[in-house]
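So you can see what is in the structure, the chains are spelled out below.
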Amino acid sequence: MSRTLIARISAVALFLTLAWVGYTQLGYTQNPPPAKLTLNKVKDDLYEIEGDGGNVAVYITDEGVILIDDKFDRDHQSIVDLVKSVTNQPIKYIISTHYHQDHSGGNAKFLPTAEIISTAMARTNIVEHKQQGNVQPPDVMPARITFTTEAAVNLGGKEVRAIYMGRGHTNGDAVIYFPALRVLHTGDLMAGTSPLVDYNGGGSVVEWSKTLDNALKLDFDTVIPGHGPVTTKAGLMTYRDNVEKLRTRVTTLVHEGKSQAEVAKFMETEYKWAPDSLQQKWSVPGFMTELR
Ligand SMILES: [Zn+2]
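Summarised in this report is the structure supplied together with it. Predicted model, so just to flag it, every value in this text is computed and none were measured.

Rules behind the numbers
Residues numbered from 1 in each chain as written. Predicted model: local features only at pLDDT ≥ 70, side-chain atom pairs only at ≥ 80, totals over all residues. Heavy atoms only, no water. Helix = DSSP H or I, 4+ residues; strand = E, 2+ residues; numbered from the N terminus. Buried < 20%, exposed > 50% of the residue type's maximum accessible area, 1.4 Å probe, protein only. Contact = heavy atoms within 4.5 Å. Areas by Shrake-Rupley, 256 points an atom, 1.4 Å probe, with all protein chains shown as cover. Core = buried A, V, L, I, M, F, W, Y, C linked by side-chain atoms within 4.5 Å. Axes fitted to C-alpha atoms, helices over the stretch in contact; angles between N-to-C directions. Parallel < 35°, antiparallel > 145°, perpendicular 65-115°, else oblique. Left-handed = near helix turned anticlockwise from the far one by under 90°. Nonpolar A, V, L, I, M, F, W, Y, C, P; charged D, E, K, R; others polar. Phe/Tyr/Trp six-rings, centres within 6.5 Å; stacked < 30°, edge-to-face > 60°. Lys NZ or Arg CZ within 6 Å of the ring centre and 35° of its normal. Salt bridge = Lys/Arg side-chain N within 4 Å of Asp/Glu carboxyl O. Donors = N, O, S within 2.8 Å, 3.2 Å for Na, K, Ca; no water. Tetrahedral: all angles 85-135°; square planar, octahedral: opposite > 155°, others 65-115°. Pairing = 2+ DSSP bridges.

### Notes on the overall build of the protein
Regarding its fold elements, the protein presents 9 helices and 13 strands. Per-residue burial over the protein gives 48% buried out of 292 residues. If you take every contact in the protein between residues at least 6 apart in sequence, the share linking residues at least 24 apart comes to 63%. Entry remark: accessible area of the protein is about 13900 Å², with carbon and sulfur atoms responsible for 56%.

Next comes the structure, spelled out in structure tokens:
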């Protein structure tokens, strides 16, 4: 090969490499690939899908599958594939725990083939775009069927109950109860190590522990939280006590006349709430008003 030809081939190769890097990086920033999800068995015909967004419960019956929540829009195919790995039954119903896009972001893609059920307030919060910041894309779709106190899906001889028990994370959180299995899906009424109060979406740190007290009256031993690993009723009781402790401590600060910046600093030191976190942005300003 002549030197010019080699130089030309090298130039073309370099161009293609740069173009490929540019293309993939653009692709990444504009449309991140779905994060890896994992499916775990909870009990009998009940599974849960963890990773990227809220925990999805998968309840298999002989007449179809009931999902609790559907993560982000980008997780749709991964959820469908994981459900297919354990059953040939179609996904017929999705019960939403609340309106945030990491729990309801998959609604748009599921609605053509499944019925979605949520509290009336969760629907309203989507319709009125109550999620703060620009994290809610315009295509998060609300449920077609809503309830205010309680709804149940009875399918293939199995029952799932969705119950509104009061404000907490938002003003429209449903807890999901599987009576035959004695399992509770809490949505984000239990998530992570400390509560995220979405005041814009009607949340309340004062009502939160009362709402969990109502939920704790149900007969269950296993808890699927909104985020994090599956736990027990005792785990939920500890979480409830921590919510109350946090509220008491912050109330004391607010009553002492501490500024919002001082409360924010306290949350950062004591609860590891990073300065840029949703907890700092959504919850702390609301604390200053609600706990006054
Ligand atoms: Zn949430």
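### Describing the nonpolar core
In terms of nonpolar packing, the biggest core is built from 33 residues, with Met267 and Phe287 touching the most fellow members. By residue number, the principal contributor to this core is helix H7 (residues 233-255), which donates 7 residues. Excluding residues that lie within four positions of it along the chain, Met267 makes contacts with Leu246, Val250, Lys272, Trp273, Gln280, Val284 and Phe287.

### Quick look at the packing of helix H8 (residues 260-271) against helix H9 (residues 278-290)
Look at H8 against H9: their axes get within 10 Å of each other, and the N-to-C directions meet at 130 degrees. Overall, the two elements H8 and H9 adopt an arrangement that is oblique. Seen along the crossing, H8 lies across H9 with a hand that is right-handed. For the pair H8 and H9, contact is made by Gln260, Val263, Ala264, Met267 and Glu268 and by Gln280, Val284, Pro285, Phe287 and Met288, respectively. Considering only residue class, the contact of H8 with H9 consists of 7 nonpolar, 2 polar and 1 charged.

### Section: the packing of aromatic side chains
The geometry of an aromatic ring pair comes down to the distance between the two centres and the angle between the two planes. For the structure on display, the rule yields 5 aromatic pairs. An angle of 55 degrees between the planes, with centres 6.5 Å apart, marks the rings of Tyr271 and Trp273 as tilted. Note on Tyr271: relative accessible area 18%, which makes it buried. Owing to a relative accessible area of 2%, Trp273 belongs among the buried residues under this scheme. Members of the aromatic cluster, each reached through a chain of ring pairs, are Tyr199, Phe266, Tyr271, Trp273 and Phe287. Arg74 extends its terminal NZ or CZ atom over the ring of Phe72, reaching a point 4.1 Å from the ring centre.

### Section: unusual backbone geometry
Even without being glycine, Asp52 reaches a positive phi, approximately 45 degrees. Among the structural elements, Asp52 can be located in the loop between strand E2 (46-50) and strand E3 (56-61).

### Details of the pattern of salt bridges
On inspection of all chains with the given rule, the structure shows 17 salt bridges. With a shortest N-O distance of 2.7 Å, Arg161 and Glu150 are connected by a salt bridge. Note that Arg161 is positioned in strand E9 (residues 158-164) and Glu150 in strand E8 (residues 150-155), a separation of 11 residues in sequence. On the accessibility criterion, Glu150 (39% relative accessible area) is partly exposed.

### Here's the deal with the coordination of the zinc ion
At the metal site, the zinc ion is ligated by His98 (NE2), His100 (ND1), His169 (NE2) and Asp188 (OD), and these contacts range over 2.1 to 2.2 Å. One way to put it: the 4 donor atoms around the zinc ion meet at angles of 87 to 171 degrees, and that makes the site irregular.

### Comments concerning the sheet that holds strand E7 (residues 145-147)
Taken together, the 7 strands give an open sheet; going across it, the order is E1-E2-E3-E4-E5-E6-E7, and neighbouring strands pair in mixed fashion. Each edge of the open sheet is held by one strand with a lone partner, namely strand E1 (38-43) and E7. Recorded for the sheet is a direction-independent mean angle of 25 degrees between the axes of neighbouring strands. Here strand E6 (residues 115-119) pairs with E7 via 3 bridges, running parallel. If you follow Ile117 over to E7, its bridge partner there is Ile145. In this fold helix H5 (residues 120-127) packs onto E6 and E7, with an angle of close to 100 degrees to the strand it touches most, E6.

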